[in-house]
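Single-letter residue listing:
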Amino acid sequence: MRSDVWFGSRFGSSSELYKPVTPNSRFFFAPRVYVDSNPFDLYLLGAPISSYRLRQQGAAMDTGIAINRFSEIRLGYQFNWYKANQRIGLPIPELSTIGFRRDALAMRYSYEGQDDAIVARRGVRLRARAEYYPAFGYSLSELNTSFALPISKQNSLITGFSGGSIFGPLSSSLLTFTLGGPQRLGAYGINAILARNYAIGTVGILHEIKSQPSLFGSKVFVAGFVQGARTYDLFRDLRYPVNATGAVVLRTLVGPIFLGGSLGDRGNRKWFFGVGRLF
């Protein structure tokens, strides 16, 4: 049994029971339940015009196979309920009283080959998913990868690729991929780009500047990376946003703390801080 709780601008919780079919079997089933609440801002020409709170709750049943200790494949069905409540800004008729159910048949593949779950110095991480939403008649696929390669005692080369595409009609902006934030074009606000399909490439350097144990953390890192993307958004606008980000990451007893800033095209810029995984 694994349970997670997160809080901040986004808050929620989830619990999953991972149960092998037999004690030594690689086949398993994994029921889970979750609730989640996060901000959903809408933008016009790069400027925020409305702020909503998007609430999700649901349950799922997965079955799959643990290929080895590093990777697994899952197939499952998800029951999802969504509700959006406006907080400030101009009312958007599409979202004014929105509440709907979005069930999905989902297949996922995960590979965890990095040497650290928080700030990796070497290895490969891969996540892939394909989902079909029968009530809406559309499907999507998405791939996320990250690579870390040591190039000296204190430095690692960081690269990554993310991409996704939606197939079929879209009836709501809530059904798109959302870009913006520290990991996905940090110079843009969260959800600033609503994309039908997208591709993001990342390359940068991770430098370890401290290794001695201390009261606040055992390691301190400085990261710098650039991102280039191609997005085809909800309004059928083809864009090529770019972004440069610098951040300081401190590993502590309560998790990684990071502080940084990003500069992008069209005058976009943001600074950010948080607790959790940066990459």
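Q: I'd like to hear about unusual backbone geometry, residue by residue, with values.
A: The phi torsion at Leu-185 lies on the positive side, around 65°, for a residue other than glycine. Here Leu-185 shows up in the loop between β12 (177–179) and β13 (193–210). By relative accessible area, which is 0% here, Leu-185 ends up buried. In this structure, Arg-266 is a non-glycine residue whose phi angle is positive, near 55°. Counting through the fold element by element, Arg-266 comes out in the loop between β17 (255–264) and β18 (269–275).

Q: Explain a nonpolar patch on the surface to me, using residue names and the numbers behind them.
A: A surface patch of nonpolar side chains, about 490 Å² in accessible area, is lined by Ile-67, Ile-73, Leu-75, Leu-105, Met-107 and Tyr-132. Among the secondary structure elements, those contributing two or more residues to the nonpolar patch are β6 (71–89) and β8 (104–112). The residue Ile-73 is located in strand β6 in this model. Residue class for Ile-73 comes out partly exposed when judged on its relative accessible area of 33%.

Q: Outline the environment of Leu-238, supporting the account with residue identities and numerical values.
A: Residue position: Leu-238 is located in strand β15 (residues 238–239). Among the residues examined, Leu-238 registers a relative accessible area of 39% and is labelled partly exposed. Each C-alpha atom, one on Leu-238 and one on Tyr-198, is 9.7 Å from the other, the two residues being 40 residues apart in sequence. Excluding anything up to four places from it in sequence, Leu-238 contacts Arg-230, Thr-231 and Tyr-232.

Q: Describe the pairing of β6, naming the residues involved and giving the relevant values.
A: Looking at chain direction, strand β5 (residues 47–66) and β6 are connected through 17 bridges and run antiparallel. Bridge assignment links Asp-62 to a residue of β6, and that residue is Gly-76. Hairpin connection between β5 and β6: a loop of four residues separates the two successive antiparallel strands. Here β6 runs beside β8; their pairing, made up of eight bridges, is antiparallel. Bridged to Ile-73 within β8 is Tyr-109. In this sheet, strand β7 (residues 99–101) lies alongside β6 in antiparallel orientation, the contact comprising three bridges. In the strand pairing of β7, Trp-81 is matched with Arg-101.

Cut-offs applied
- Residues numbered from 1 in each chain as written.
- Predicted model: local features only at pLDDT ≥ 70, side-chain atom pairs only at ≥ 80, totals over all residues.
- Heavy atoms only, no water.
- Helix = DSSP H or I, 4+ residues; strand = E, 2+ residues; numbered from the N terminus.
- Buried < 20%, exposed > 50% of the residue type's maximum accessible area, 1.4 Å probe, protein only.
- Patch = residues over 30% accessible without salt bridge, like charges linked within 9 Å, V, L, I, M, F, W, Y side chains within 5 Å.
- Areas by Shrake-Rupley, 256 points an atom, 1.4 Å probe, with all protein chains shown as cover.
- Salt bridge = Lys/Arg side-chain N within 4 Å of Asp/Glu carboxyl O.
- Contact = heavy atoms within 4.5 Å.
- Pairing = 2+ DSSP bridges.

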